4 protein chains.
Amino acid sequence: MKVLVTGFDPFGGESINPAWEAVKCIRNEIAGAEIVTMQIPTVVGRSIERIHEKMKELQPDMVISVGQAGGRFGVTPERVAINITDARIPDNEGNQPIDEPVFADGDAAYFSNLPVKAMVQAIKDAGYPSSLSNSAGTYICNHVMYGILYYIHKEFPDVRGGFIHVPYAASQAVNKPNTPSMAIADITAALEAAIEAAVRNTCDIRAVGGEIH
Amino acid sequence: MKVLVTGFDPFGGESINPAWEAVKCIRNEIAGAEIVTMQIPTVVGRSIERIHEKMKELQPDMVISVGQAGGRFGVTPERVAINITDARIPDNEGNQPIDEPVFADGDAAYFSNLPVKAMVQAIKDAGYPSSLSNSAGTYICNHVMYGILYYIHKEFPDVRGGFIHVPYAASQAVNKPNTPSMAIADITAALEAAIEAAVRNTCDIRAVGGEIH
Amino acid sequence: MKVLVTGFDPFGGESINPAWEAVKCIRNEIAGAEIVTMQIPTVVGRSIERIHEKMKELQPDMVISVGQAGGRFGVTPERVAINITDARIPDNEGNQPIDEPVFADGDAAYFSNLPVKAMVQAIKDAGYPSSLSNSAGTYICNHVMYGILYYIHKEFPDVRGGFIHVPYAASQAVNKPNTPSMAIADITAALEAAIEAAVRNTCDIRAVGGEIH
Amino acid sequence: MKVLVTGFDPFGGESINPAWEAVKCIRNEIAGAEIVTMQIPTVVGRSIERIHEKMKELQPDMVISVGQAGGRFGVTPERVAINITDARIPDNEGNQPIDEPVFADGDAAYFSNLPVKAMVQAIKDAGYPSSLSNSAGTYICNHVMYGILYYIHKEFPDVRGGFIHVPYAASQAVNKPNTPSMAIADITAALEAAIEAAVRNTCDIRAVGGEIH
C-alpha cells in the first residue's frame, strides 16, 4: 500500500507550518505501507493541482492531507469537506476568493472515506488529545480536502482520502496568549497513529463521536 | 411574507432551552412579514416531521429553526447542513443514531439559501456577538436543518430556509465554569435582527466571513 | 447603612465601561441600605484618591468598587488585593507604572472583609454566573481595591470593603471573537444581589469555593 | 550554588503529575548550579514540612516548587502567595481546609524573590508559551509557595524562592475536551530555562508583564 501525506507551507505570517514540520518527520513505512510525503503551497487551486498531479504519478492507495488549525487543542481528523472557498485572509499568492465553489461541477460536500473514528481512537490510545471534527473551515484546508475527495469521486474511485488538522506548534504559541499548542514530535506521533489506523481499518469503527453542535 | 420560526424543547438535562425561550418572545411581525413560532421536540425524525407538516399547512415563505449550542459565545447562523446524524447523547425519546444519513436519498449536504452573512452583520449591528458557523454539529440541530433544506429541495423550491444556533441562557451557565452565555432578551433581539435581514435581503451580501479552519 | 459603589470610566480603547454602565443603574436602596454610586477615573493614584475623599465626606459603612475584567464569564467578587501596580497598558492619563507598590508602607496584601462567598452564592441564586476570584490583576482594579483596604486598615477600621469584576457588555464583544459577555441589565442585577448579600451578612458563609490554581 | 526543585505527586484522580514527571528529568547542573530534585506529597502541612526539613538539611541557595495547573496554556512562574488555604477538593490524605491561614503568624502574602519576569522571558526565548501568573490558587500549590516564602522570611533570609505552575501533560488531556497540554519533555526544557534565568539574574528585569485583571 502507498500512502501520500501532504503538509502545507507556512501562511498567515507564521514562520513555520506545524503540519509540514510534523509530516516531514513521519517514518517512511507504517504497518507495511509506504509513506510518501510532499509539501504543498497554501494557494487556492495550485495546492489541489499539485496533489492531483502527484496522485496520477504515484497512484497512491490513500491520500491524507494535513493542515494547521491554530486554536485547536488536539489532532483532529475531518469528517467532511464542503463545496465552498471563503477565505478570511489572502493565500500565499494573494488570492482571496469569497463564497466560491471549489469545483462548480462537484457535490455540495464529500464525506471522507477514511475510518475517521478509528483514527481518533488510535491517536487517543497513543496518548494525544484528539476528536473528530465536522468542519475543515472554508479556507485552503477545506479546499484541498474537498479537492482530494472530488478527484477520488471522479477519477480514482478505489482511493481513500481525507484530512487531518493539527494545532499550533509550541513555538508558535509563545506570543499568543491562551492558545493551545503541541510539540512537533507529538504531532508526528499522533499522525503516525492515525495513519496506522487508516491502513489497518478498511471500515470505520462504530463509536459515539458526534457533536451536539 | 410568512416566516416559520421553530425552537426546540429542553434536552440533555437542562430545564429550559434558550432557543425556545427566545423564539417564543419574537414579535409577530418583522419588516412586514408575519412571524409564526412553533416549539419542536428534540427527537430524531419527529422534529423534522413536525416542521414538514407545518410547512404543508402554513405554506411559509421562509423557515428558520433555532437551537441551543452550549459553549458558543454569540448567535450564529449556520451555513450548511450535512447528511448525517451522529448523536453524542440520546434524544428526548432515547434514540441515539450513530453515523446514519438524515435522508438516504438526500444530497451529501445542503447550503442554507438564507442570506447568512447579511444576518450575521445585522446581529452585530444590533450590538450582539455573532459569527457565521460552518458546522451545525451532527445532532438534532443539524438533523432538522438538513431536513428543512431537503424538503425545500424536494417539495418547496421557492421557500428559503436555514438554522441559527444560540448560546446558553445566563441561568444555564450558573453551574458551568468558564461557559459563555447570553440574556434571553438579547437572544430574542438578535434573532429579530437576523430575521429582519433575511426578510429584507433576497441575496446575501458579499463579505469576508470565512474561517481558516 | 450607607454603601459607596464605584465604577470606572472607559479605558483601553473601549467606548463604554460595563462596570460604570451597570453601577449607575443600581437602585438607590438595597435591603434598607442607602446606595451611593460614583464614577472614578481609570488613572493610577487619582482613582483611589477620589474614593478616599469620598470616604471622608460620606462616611460610608461599606465600599465596593466595580471594574471591567474583559474575558471573564461571570460577575466575580475578589478575595484579595496585592501591593503592586504593574500596568500592561497606560492608564487614561498615560501613566504605566511597572512593578511599583501601591503604598510603600502598606502590607503585602489585604484580604477583602466583605462576605465574598456569600456574595458569589447570592449572584448564582439570582441566576447569573459567578465565582470567587483570587486575583484582581495588577492594573488599576487591583490598585483601587488595595487602596480601599489600605485606607480601611489605616483610617476606617469599622468600614468593610472590596471589589467586584464584571465581564464585557455584549456590545463590546461584537468584534472580539470567542469572548464572553453579559447584558448590562444582568450585570446590574448581579451586583444588586451581591450588595444585598454583603449588607445582610456580617460574616462570610463557609463554602467550598477555592481554586486548585 | 545549590537549587532545590520540588514536584508534587499525582492528585485529583490523575495517574501522573506533570510537575514531578518534568522535574525528575531536569539535568543536575544548570549554569554552574547544582540541582537537587525532590518529590513532595499533595498534602496540606506535610508538603511544606518536607521542604522545610530539606532546606535545613541541604542549605540550598534557591528553592523552586513546581505544581500542576490543569487548564493553563504555558509554564507560568508565580508572582505572589497568599496566606490562605481554601481547598476545592480533598488532598491526598483527605484534608480539605476551607479559608484557613497557611501560617497564623505569617504576613497576608509574600512576593517571590525570584526574578519572575526574567524567568518568563527565558521560557519564551526557549520557544515555549509562558506568562507571569498573579495567583497560585488557594490549594496545596499556593500553600507550599507561601510556606517556602514564610520560612525564607523567618529562617533563611538569604535564600531565594518561588513557584512555577505547569500545564497538563498531553496524555492527561486525552479525555478532557478543549484542554491545553504540553509534552513532558517541553515542560522540562521550559523549567530548565527558567531555572537558568533565576541562577543568572540576581535582580529581575524591568518588563511589561502585568495583567489588567
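Source: prediction; values computed, not measured. In this numbering scheme, every chain counts its residues from 1 along its sequence in written order. Each chain gets a letter, beginning with A, and each ligand a number, beginning with 1, in the order they are written. With pLDDT at 70 or above as the cut-off, local features in this predicted model cover only qualifying residues; side-chain atom pairs require 80 or more to be listed or tallied, and sums for whole chains, interfaces and linings still use all residues. Computation of side-chain values: all heavy atoms of the structure, hydrogens and water removed.

### Some words on the overall build of chain A
Here's step 1: In terms of regular secondary structure, chain A is built from 5 helices and 10 strands.
Here's step 2: For the radius of gyration, the atom set is restricted to C-alpha positions; the globular benchmark scales as 2.2 Å times the number of residues to the power 0.38. In terms of C-alpha radius of gyration, chain A reaches 16 Å, essentially the compact-globule figure of 17 Å for 213 residues.
Here's step 3: Dimensions of chain A along its principal axes, counting C-alpha atoms only, are 45 × 40 × 35 Å.
Here's step 4: Each residue is placed in one exposure class: buried if its accessible area under a 1.4 Å probe, protein chains only, is under 20% of its type's maximum, exposed if it is over 50%, and partly exposed if it falls in between. Out of the 213 residues belonging to chain A, those deemed buried represent 64%.
Here's step 5: In what follows, residue pairs with any heavy atoms lying within 4.5 Å of each other are defined as contacts. Within chain A, residue pairs in contact and separated by at least 24 positions form 79% of the contacts whose partners lie at least 6 positions apart.
Here's step 6: When the accessible surface of chain A is summed, it comes to about 7300 Å², and 46% of that surface belongs to carbon and sulfur atoms. In DSSP terms, a helix is any run of H or I states spanning at least four residues, a strand is any run of E spanning at least two, and both are numbered starting from the N terminus. In this description, accessible areas are obtained by the Shrake-Rupley approach with a 1.4 Å probe, and a residue is regarded as covered only by the protein chains that are shown.

### Overview of the pairing of strand 3 (residues 33–40) of chain C
Residue and element names in this part refer to chain C.
Here's step 1: Between any two strands, at least two bridges found by DSSP are needed for them to pair. Where strand 1 (residues 2–8) and strand 3 come together, 7 bridges link them in parallel fashion. Note that in strand 3 the partner of Val3 across the bridge is Ile35.
Here's step 2: Where strand 2 (residues 29–30) meets strand 3, 2 bridges bridge the pair, whose relative direction is antiparallel. Bridge pairing in strand 3 places Ile30 opposite Ala33.
Here's step 3: What sits between the antiparallel neighbours strand 2 and strand 3 is a turn of 2 residues, in which Ala31 has the positive phi angle 50°.

### Side note on the arrangement of the chains
Here's step 1: If you take every C-alpha in chain A and every C-alpha in chain C, the smallest gap between them is 11 Å, and the two do not touch.
Here's step 2: Looking at chain B next to chain D, you find no contact at all, with the nearest C-alpha pair sitting 11 Å apart.

### Observations concerning the UniProt feature "active site" (unreviewed entry) in chain A
Here's step 1: In this numbering, the UniProt entry assigns the feature "active site" (unreviewed entry) to Glu78, Cys141 and His165 of chain A. In sequence the annotated residues extend across 88 residues, while in space they remain close, none of their C-alpha pairs exceeding 10.1 Å.
Here's step 2: Inspection of the secondary structure assignment puts Cys141 of chain A in helix 4 (residues 140–154).
Here's step 3: Judged by its relative accessible area of 3%, Cys141 of chain A is buried.
Here's step 4: Discounting residues that sit within four places of it in the chain, Cys141 of chain A has contacts with Phe8, Gly67, Gln68, Ala136, Phe163 and His165 of chain A.
Here's step 5: As for its placement among the helices and strands, His165 of chain A is situated in strand 8 (residues 160–166).
Here's step 6: Beyond its immediate sequence surroundings of up to four residues, His165 of chain A is in contact with Gly67, Gln68, Ala69, Arg72, Gly74, Val75, Thr76, Glu78, Ala136 and Cys141 of chain A together with His213 of chain B.
Here's step 7: Separated by 3.5 Å, the side chains of His165 of chain A and Arg72 of chain A make a polar contact. UniProt positions are given in the numbering used here, feature names are shortened, and annotations may be inferred rather than shown by experiment. The term polar contact refers here to a pair of N or O atoms within 3.5 Å; inside protein, the definition further demands a hydrogen-donor-capable atom paired with an acceptor-capable atom, and it admits residues adjacent in sequence only when both atoms are side-chain atoms.

### Considerations on the interface of chain D and chain C
Here's step 1: In this complex, chain D contributes 36 residues to the contact, which on the side of chain C involves 36 residues.
Here's step 2: Summing the contributions of chain D and of chain C, the shared interface buries around 3100 Å²; its carbon and sulfur component is 59%.
Here's step 3: Buried area is understood as the total, over both parts, of accessible area removed when two parts are fitted together, assessed with a 1.4 Å probe. Considering only the side of chain D, the residues that lose the most area to chain C are Arg88, Ile212 and His213 of chain D, jointly responsible for 24% of the buried surface there.
Here's step 4: Take a side-chain nitrogen of Lys or Arg and a carboxyl oxygen of Asp or Glu: if they are within 4 Å of each other, that pair is a salt bridge. Counting the contacts that link chain D with chain C gives 10 salt bridges.
Here's step 5: A salt bridge links Arg79 of chain C to Asp86 of chain D; the nearest nitrogen and oxygen atoms lie 2.6 Å apart.

### Observations concerning the packing of aromatic side chains
Here's step 1: Pairing of aromatic side chains requires ring centres within 6.5 Å, counting the rings of Phe and Tyr and the six-membered ring of Trp. Pairs whose planes differ by under 30 degrees are stacked, by over 60 edge-to-face, and all others tilted. Counted by the stated rule, this structure contains 30 aromatic pairs over all chains.
Here's step 2: Here the aromatic rings of Phe11 of chain C and Tyr139 of chain C are separated by 5.8 Å at their centres, their planes lie at 50°, and the arrangement is tilted. Note that Phe11 of chain C is positioned in the loop between strand 1 and helix 1 (18–23) and Tyr139 of chain C in the loop between helix 3 (116–125) and helix 4 (140–154), a separation of 128 residues in sequence. Each member of the pair, Phe11 of chain C together with Tyr139 of chain C, is buried.
Here's step 3: A network of ring pairs unites the aromatic residues Phe103, Tyr110, Tyr146, Tyr150 and Tyr151 of chain A as a single cluster.
Here's step 4: Working rule: Lys NZ or Arg CZ, within 6 Å of ring centre, within 35 degrees of ring normal, means a charge sits over the ring. Taking NZ or CZ as reference, Lys176 of chain A lies 4.5 Å from the ring centre of Tyr168 of chain A, over its face.

### Examining the pattern of salt bridges
Here's step 1: For the structure on display, the rule yields 52 salt bridges over all chains.
Here's step 2: Here Glu14 of chain A and Lys176 of chain A are joined by a salt bridge, their closest N and O atoms 2.9 Å apart. Residue Glu14 of chain A is located in the loop between strand 1 (2–8) and helix 1 (18–23), and its partner Lys176 of chain A is located in the loop between strand 9 (168–169) and strand 10 (181–182); the two are separated by 162 residues in the primary sequence.
Here's step 3: Between Asp105 of chain D and Lys154 of chain D there is a salt bridge, with the nearest N and O atoms lying 4.0 Å from each other. Placement of Asp105 of chain D in the loop between strand 6 (80–82) and strand 7 (109–111) and of Lys154 of chain D in helix 4 (residues 140–154) is noted, with a sequence separation of 49 residues between them.
Here's step 4: Accessibility expressed as a relative area gives 46% for Asp105 of chain D, which makes it partly exposed.
Here's step 5: The class of Lys154 of chain D is partly exposed, set by a relative accessible area of 42%.

### Some remarks on the pairing of strand 1 (residues 2–8) of chain B
All names here are of chain B.
Here's step 1: Counted residue by residue, strand 1 has 6 buried out of 7 residues, so it is predominantly covered.
Here's step 2: Direction of pairing for strand 1 relative to strand 4 (residues 62–68): parallel, over a ladder of 5 bridges. Bridged to Gly7 within strand 4 is Val66.

### A closer look at the confidence of the model for chain A
Here's step 1: You can read pLDDT as the predictor saying how much it trusts each residue, on a scale of 0 to 100. The predicted model of chain A averages 97 in pLDDT, with 100% of residues at 70 or higher.
Here's step 2: Scoring the predicted complex yields pTM 0.97 and, for the interface, ipTM 0.96.

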